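Inside the fold
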Amino acid sequence: MPWIVGVSGASGTPYAAAVLRGLLAAGEAVDLVVSRASRLTLLDETGIAFRDAHWQEDLREWLARGADGKPGTFDVDVSGVRYWPAGDLAAGPSSGSYPAKGMLIVPASTACVAGVALGLSKDLLQRTASVTLKERRTLVVAVRETPLNGQTLRHLVTLDDAGATVVPASPAFYAGATHIQDLVDFVAGRVLDAAGVGHQLYRRWRGDLGVGRPDQ
Ligand SMILES: Cc1cc2nc3c(=O)[nH]c(=O)nc-3n(C[C@H](O)[C@H](O)[C@H](O)COP(=O)(O)O)c2cc1C
């Protein structure tokens, strides 16, 4: 059964790339939904214009890119990915009877958080999130905005109450980050942790102060 990954239009397409690489490296099947707005963030952050008709080619190029923007940093086999256009409300993941382990929304915009909290289902991404909640499956929401207004905070509490795990895209510095990729991988690793998917994306805290300091 696949994990469904929803990429919404918040800044942070490198987080999505790192989660997708992590799932594929763990041997997981992936269903991918890319919102209309996230094409703008992807274009802005990577220069890649994501096309439905050439999604495999564009996804391969995206996942190969490092968080520093360097092309060809990673060698990723995307054959384990099934892609669904965000406007396709008849797609498999729009039904609870479609088999799936759960859904990871990375990054999640505040608009997406609101839409899922209110059950708007305005596109396939939001519909799939609603389905995931109604089927009591794992839903991980990696929200990316700062500062957060009261509305979004209330929506996040609603999602938490509904059983979702809210994982703010908030990198930590105890794991020995020396490059942008390390900070990105920390967030991606915490998203995968919330889904129970094994990975080696960051160094875990073991109780020893200072071990992860870059000058050690
Ligand atoms: C370059 C760019 C960066 C953005 N960054 C964020 C962000 O970090 N967080 C956020 O909540 N919205 C951000 N937005 C706004 C969302 O894209 C917008 O609210 C959109 O309606 C989200 O739609 P979606 O949830 O369907 O993807 C950004 C927009 C652009 C163009």
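See the structure shown above.
In this text, all values refer to a predicted model and were calculated from it rather than measured experimentally.

1. Points about helix α1 (residues 13-25)
In this model, α1 (13 residues) spans 18 Å end to end at C-alpha, consistent with the 18 Å of a helix rising 1.5 Å per residue. Within α1, 11 of the 13 residues are buried, leaving the element largely enclosed by the surrounding structure. For α1, the full list of buried residues reads T13, Y15, A16, A17, A18, V19, L20, R21, G22, L23 and L24. Backbone geometry just after α1 places G27 at a positive phi near 80°.

2. Description of the sheet that holds strand β6 (residues 165-166)
Taken in spatial order, the 6 strands of this open sheet run β3-β2-β1-β4-β5-β6, and their pairing is parallel. Each end of this open sheet is capped by a strand with a single partner; those strands are β3 (81-85) and β6. Of the pairings in the sheet, the one linking strand β1 (residues 3-7) to strand β2 (residues 30-34) comprises 5 bridges and is parallel in character. For I4, the partnering residue across the bridge sits in β2 and is D31. Strand contacts of helix α4 (residues 110-118): β4 (102-108) and β5 (138-143), with the helix running at about 145° to β4, the strand carrying the most contacts. The sheet strands contacting helix α7 (residues 180-195) are β1, β4, β5 and β6, and the helix crosses β5 at an angle near 160°.

3. Examining the packing of aromatic side chains
This structure, assessed with the given rule, holds 7 aromatic pairs. The cationic tip of R21 hangs over the ring face of F74; the distance from NZ or CZ to the ring centre is 3.7 Å.

4. Comments concerning unusual backbone geometry
Omega for the bond connecting V106 with P107 falls within 30 degrees of zero, at -15°, which places this linkage in the cis form. Assignment of secondary structure puts P107 in strand β4. Across the junction of T146 and P147, the peptide omega takes the value -10°, indicating a cis bond. Here P147 shows up in the loop between β5 and α6 (150-161). Positive phi values are uncommon outside glycine, yet S121 reaches one of about 55°. Tracing the sequence through the fold places S121 in the loop between α4 and α5 (124-134). In this structure, R136 is a non-glycine residue whose phi angle is positive, near 60°.

5. Let's talk about the site of the ligand
Within the structure, the ligand sits among 15 residues, and G9, S35, S109, K122 and R144 are positioned closest to it. Between S11 and the ligand, the recorded distance is 3.0 Å, taken from a backbone N or O atom to an oxygen atom. At 2.8 Å, a backbone N or O of T110 approaches an oxygen atom of the ligand. Of all the secondary structure elements, the ones that give two or more residues to the shell around the ligand are α2 (36-46) and α4. Looking at the shell around the ligand, its residues break down into 4 nonpolar, 7 polar and 4 charged.

Conventions adopted
- Residues numbered from 1 in each chain as written.
- Predicted model: local features only at pLDDT ≥ 70, side-chain atom pairs only at ≥ 80, totals over all residues.
- Heavy atoms only, no water.
- Helix = DSSP H or I, 4+ residues; strand = E, 2+ residues; numbered from the N terminus.
- Expected span 1.5 Å × (residues − 1).
- Buried < 20%, exposed > 50% of the residue type's maximum accessible area, 1.4 Å probe, protein only.
- Pairing = 2+ DSSP bridges.
- Contact = heavy atoms within 4.5 Å.
- Axes fitted to C-alpha atoms, helices over the stretch in contact; angles between N-to-C directions.
- Phe/Tyr/Trp six-rings, centres within 6.5 Å; stacked < 30°, edge-to-face > 60°.
- Lys NZ or Arg CZ within 6 Å of the ring centre and 35° of its normal.
- Near = heavy atom within 4 Å.
- Polar contact = N/O pair within 3.5 Å; in protein donor to acceptor, adjacent residues only side chain to side chain.
- Nonpolar A, V, L, I, M, F, W, Y, C, P; charged D, E, K, R; others polar.

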